[in-house]
4 protein chains.
Amino acid sequence: MGSSEKVTTAPAYSYLGPAGTFTEAALAQVPAAAGQTWHSVNNVGEALADVVSGRSVAAMIAIENSVEGGVTATQDALANIPNLRIMGEYLVPVAFDLVAPKGTTLADVNVVNAHPVAYAQCRGWLEKNLPHHGHIPSSSNVAAAASLLETDTADAAIAPAGIARHYDVEVLASGIADNPNAVTRFVLVSKTTELPAPTGSDKTSLIVELPDDRAGALLEMLEQFATRGVNLTLIQSRPIGDEFGRYRFVIDAEGHARDERVADALLGLRRFSPKVIFLGSYPRADKEQTQHSSRYADDVFTDARDWLAEILGD
Amino acid sequence: MGSSEKVTTAPAYSYLGPAGTFTEAALAQVPAAAGQTWHSVNNVGEALADVVSGRSVAAMIAIENSVEGGVTATQDALANIPNLRIMGEYLVPVAFDLVAPKGTTLADVNVVNAHPVAYAQCRGWLEKNLPHHGHIPSSSNVAAAASLLETDTADAAIAPAGIARHYDVEVLASGIADNPNAVTRFVLVSKTTELPAPTGSDKTSLIVELPDDRAGALLEMLEQFATRGVNLTLIQSRPIGDEFGRYRFVIDAEGHARDERVADALLGLRRFSPKVIFLGSYPRADKEQTQHSSRYADDVFTDARDWLAEILGD
Amino acid sequence: MGSSEKVTTAPAYSYLGPAGTFTEAALAQVPAAAGQTWHSVNNVGEALADVVSGRSVAAMIAIENSVEGGVTATQDALANIPNLRIMGEYLVPVAFDLVAPKGTTLADVNVVNAHPVAYAQCRGWLEKNLPHHGHIPSSSNVAAAASLLETDTADAAIAPAGIARHYDVEVLASGIADNPNAVTRFVLVSKTTELPAPTGSDKTSLIVELPDDRAGALLEMLEQFATRGVNLTLIQSRPIGDEFGRYRFVIDAEGHARDERVADALLGLRRFSPKVIFLGSYPRADKEQTQHSSRYADDVFTDARDWLAEILGD
Amino acid sequence: MGSSEKVTTAPAYSYLGPAGTFTEAALAQVPAAAGQTWHSVNNVGEALADVVSGRSVAAMIAIENSVEGGVTATQDALANIPNLRIMGEYLVPVAFDLVAPKGTTLADVNVVNAHPVAYAQCRGWLEKNLPHHGHIPSSSNVAAAASLLETDTADAAIAPAGIARHYDVEVLASGIADNPNAVTRFVLVSKTTELPAPTGSDKTSLIVELPDDRAGALLEMLEQFATRGVNLTLIQSRPIGDEFGRYRFVIDAEGHARDERVADALLGLRRFSPKVIFLGSYPRADKEQTQHSSRYADDVFTDARDWLAEILGD
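The rules we used
- Residues numbered from 1 in each chain as written.
- Chains lettered and ligands numbered in written order.
- Predicted model: local features only at pLDDT ≥ 70, side-chain atom pairs only at ≥ 80, totals over all residues.
- Helix = DSSP H or I, 4+ residues; strand = E, 2+ residues; numbered from the N terminus.
- Buried ≥ 20, exposed ≤ 12 C-beta atoms within 10 Å, placed from the backbone.
- Contact = placed C-beta atoms within 7 Å.
- Axes fitted to C-alpha atoms, helices over the stretch in contact; angles between N-to-C directions.
- Left-handed = near helix turned anticlockwise from the far one by under 90°.
- Nonpolar A, V, L, I, M, F, W, Y, C, P; charged D, E, K, R; others polar.
- Domains from an automatic or database assignment.

A few points about the overall build of chain A
Next, step 1: Within chain A, the regular secondary structure consists of 10 helices and 15 strands.
Next, step 2: Taken along the three principal axes of its C-alpha coordinates, chain A extends 85 × 60 × 40 Å.
Next, step 3: Among the 314 residues that make up chain A, the fraction classed as buried is 53%.
Next, step 4: A fraction of 74% describes how many contacts in chain A between residues 6 or more apart in sequence connect residues 24 or more apart.

Focus: unusual backbone geometry
Trans peptide bonds make up most of the peptide bonds, and negative phi angles are found at most residues other than glycine.
All names here are of chain A.
Next, step 1: In this structure, proline 18 follows glycine 17 across a cis peptide bond, with omega equal to 5°.
Next, step 2: Looking at where proline 18 falls in the secondary structure, it is placed in the loop between β1 (12-16) and α2 (22-27).
Next, step 3: The backbone phi angle of asparagine 83 is positive, close to 65°, even though this residue is not glycine.
Next, step 4: Locating asparagine 83 in the fold gives a position in the loop between α4 (72-80) and β5 (85-93).
Next, step 5: Judged by the 11 C-beta atoms lying within 10 Å of it, asparagine 83 falls in the exposed class.

Focus on the packing of helix α3 (residues 44-53) of chain A against α4(A)
Residues and elements named next belong to chain A.
Next, step 1: Here α3 crosses α4 at 35°, and the two axes come no closer than 10 Å. The chirality of how α3 crosses α4 is right-handed. In this structure, α3 contributes Val44, Gly45 and Leu48 to the contact, and α4 contributes Ala73, Thr74 and Ala77.
Next, step 2: The residue makeup of the contact of α3 with α4, split by class, is four nonpolar, two polar and no charged.

A look at the interface of chain D and chain B
Next, step 1: Chain D puts 21 residues into the contact, and the matching count from chain B is 21 residues.
Next, step 2: Secondary-structure elements contributing two or more residues to the side of chain D that touches chain B are α9 (260-272) and α10 (298-312) of chain D.
Next, step 3: Ranked by residues supplied to the side of chain D that touches chain B, first place goes to α10(D) with eight residues.
Next, step 4: For the side of chain D that touches chain B, the class distribution of residues is 13 nonpolar, two polar and six charged.

A word on the domain arrangement of chain A
Residue and element names in this part refer to chain A.
Next, step 1: Partitioning chain A into domains gives domain 1 (11-93 + 182-194), domain 2 (96-174) and domain 3 (195-314).
Next, step 2: For domain 1 versus domain 2, the distance between C-alpha centres works out to 25 Å.
Next, step 3: Each side of the interface is counted separately: domain 1 has eight residues, and domain 2 has nine residues.
Next, step 4: When its residues are assigned to classes, the side of domain 1 that touches domain 2 shows five nonpolar, two polar and one charged.

As structure tokens, this is what we get:
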């Protein structure tokens, strides 16, 4: 019975499905997820609900797109669901194919089914190659392809590269995204509160509300980082939603909460802000080493603490 | 013939249609548009193209939502299409119904058709009442409802309150927006470069790119406003789109470009930034008077200029 | 023998003499000094040398004058002699008498003997009442009076109010200082490293060198205080002396090193500056309670530390 | 008679005399002063009074010493006498001898006559070689030596190197200045309001009062320079003198008032400060070229103005 229970509690992972999505490609980069149960879900809320309920140990969700910016549904979910932590980030190149039912040629295509974000990312190619096409929006990149086989409302679909491995479709054109370097950033989210060890190439993700009783609050928040030599790789404003002019900020800072300068910035933020959500410190997907001035080295912080302790006689 | 030509060149206005959209409600607030031709268009790009081509003298477009934040398509269009100016802003309360073909019940609903912004504004209600729904994005709130009657890809649609007056649909639920005070801000955009006169209750809209060759650039940009006592009512980051970490900022500042402190902030921004797009100075929809410290009064600026001119012997 | 040794090691105090100086008046304000040995010395260097050698437990020295500014000899001595601590501050009103040998009248006065600083502080009175006088500089306020009785080079002297209690002179005029509110601030300096307990009305004195390898260093130093809501009551630049443009700063900050916001500012300063000399935290002479925003209350700092400790699992 | 009057109005120059002072050496560096009348005066006040009254066209006065810092009498005089301008700066190396009446030895010396600034510059040597000396301040370095021959109040004097060429004194010690590289900076002051032309190696001197109604005022003042890329070579606090804690700041900034970034900083200062005294823009004595980032080049400022003028339709 013990062993059978072990089987039922084997770690499961949730992701925005179905098979063939970029999210699935991101989850495929996680070694611990290999061979485990993968739950395909319909939206970010469902993915995170799986984590909160314990149905899955972690969920892979898109958080930022190099063309479209932050994924607001994800940012808002992370702001509103407590006790979630980002364990790692994963990059997936955005590469699209134009696919169609077998036997179709490009000349046959009048109507294209595509998720609006994918459509926007391929607009240049479409205007050049299919100047007179119409567009039907779909709910996901894979659903666009799948629907080709179910209905004839569209002649072709924009789908993630590689979709032909999952669906019986013809690839009419490959690499049709306007920006060949477009990348989507995914994060693996869990309830684990144990911090991954610092690697020297880390990110710390935060959501910070600004106090609303004073001018220049954003300036003051940024100074919490700048005065400790901590660089930001992402800063995105999101309305808190109750009235115009009130924002929270989604922030990725270089470095790990165990780096002294990051820890000190966290202290400063927490003192300043009515609400700081610590989303985690985790290794960077791009493996870039964190750069910082020697002014902000760990021993500069510990030396100062020793000096003060002596003054205070502690 | 001259007079008949005058008739054909009477000013037309473009807006995101069809009849019944929030955008139409915003355009109805513009006295000059009353009795003129209104062009219903399908998206922001089409609306602005009408302005650029001269087909319309102005277009009404949504720019910010108190729940969802900036409308990114609008922000990106204003960043990329040159020589556009905001002439005024208009507020429309946001109220949504969930509608479906006659005979549908809530239990029947699996797939919801909704404009992405409307979808985001009702996300809480949907997650509670339709936790397993799928989403098909539509190009407008009204189109979502209209498509119910044309195709069966969705079971229900999110539509502006009152839509049942225009379409033969069942209202499954009313007031489903998560925030009952939600408001959408629209702007009237034209090619006119003449500045509306200052009213004492004005806004100045800008898009500012950050220089990418130095840390703390956002901090420095904000200081351009703070050191002149200029408050911001909106600041929103948008990726420039070529790579992660490069942003432009969409900004609404209190005051008019003819206010000395705003003019001086514009000078500072222009010196600092590789690209500043001036979108206009125009009266605020909420009629709130601009507050500023007496330190930043117009005569403080003109006195300083006189003093310097005397030193320089100019 | 034990008791006689006790007598020889009774605490002695050094001050700039002779009897009758403002410095003596400051020392008279120190309860612990009452009934102890007082060493009259000739200059600040001698007074501090007494402390360093152990000849005196403490020295009273002038540090700031409300008219003349910081006493640079004191500031430089405190910067250069290590391990000194300010234990308390004392204010003495600057009140001067014009004195002369018995029998002299104001009409008889042609030449006035006065320390240059005292002379400068009474210049207005002298120009009005003795428009044709000449001035002989003396080395101290008391020496000016004393010399009247020894030589006849001067007819009168400017001396501290009350000098007639020590010397057999006539007071020709009282309260002759141009600024009736002028005050000199003295500090009691010792080698004790034990911090006086916080009283809620404290000052913290520092000498801070600026790093010379970057622009804006003074700005950055001031931010260490401003970002913790710590006000300064004194900031005085002093050249380090090796070349133009290199400064140290003599600083008095409101609050005690045991106040969290002051302690955090000290950490920031120490990390930033190549050399921070902590001169002490001690009760203010004026008993003014330290004001600070609730943003910088002690529990704001301890709460932030607790929050971070939980994140770090410490 | 016209021509004879021209002779009587030939430009005269005032300086702190007598012959042999460092000030005389500074005046000797001014080509225009060669062959003109030189008025030897007793103090800075007299020198500037000569300029105000028109007796002299200009006065040479010491303003800063690399060891002692700003010359406070000069700084205060420039703050209080209106309409003075610095036309140029001159550097003179500081080298001191200890001199005494013939026949004196170092062991005989109890009291030293010295100008306070000279005294401060030799303090280290004096504390080591004459630890128990007393100090009588004199009005000039040369007067200190001269008085040895007139009175016996002092046993020795600190005097400029070379004084023995002018006075019949014994040199007890040479090169007694603590810093062998010490330099004194002199400025030539006049009532001319015409600005010297920019040379690319200029300084701009200012006295700025801080507003007293807000915290962080010094920080704000420094930002006026930092945000325009203007470096400071001198910043010195001076009490305004009416109460503790109120300061004016004596500032030397790199660059000329005709440099756009300096002009803009002047505008910012003037708007911020209750009182800005412009003391002049003039060529640097050390001929160092002003360095500034290309961000703050003149054309960056003029381009921004052109851009704004177009927006405003001016």
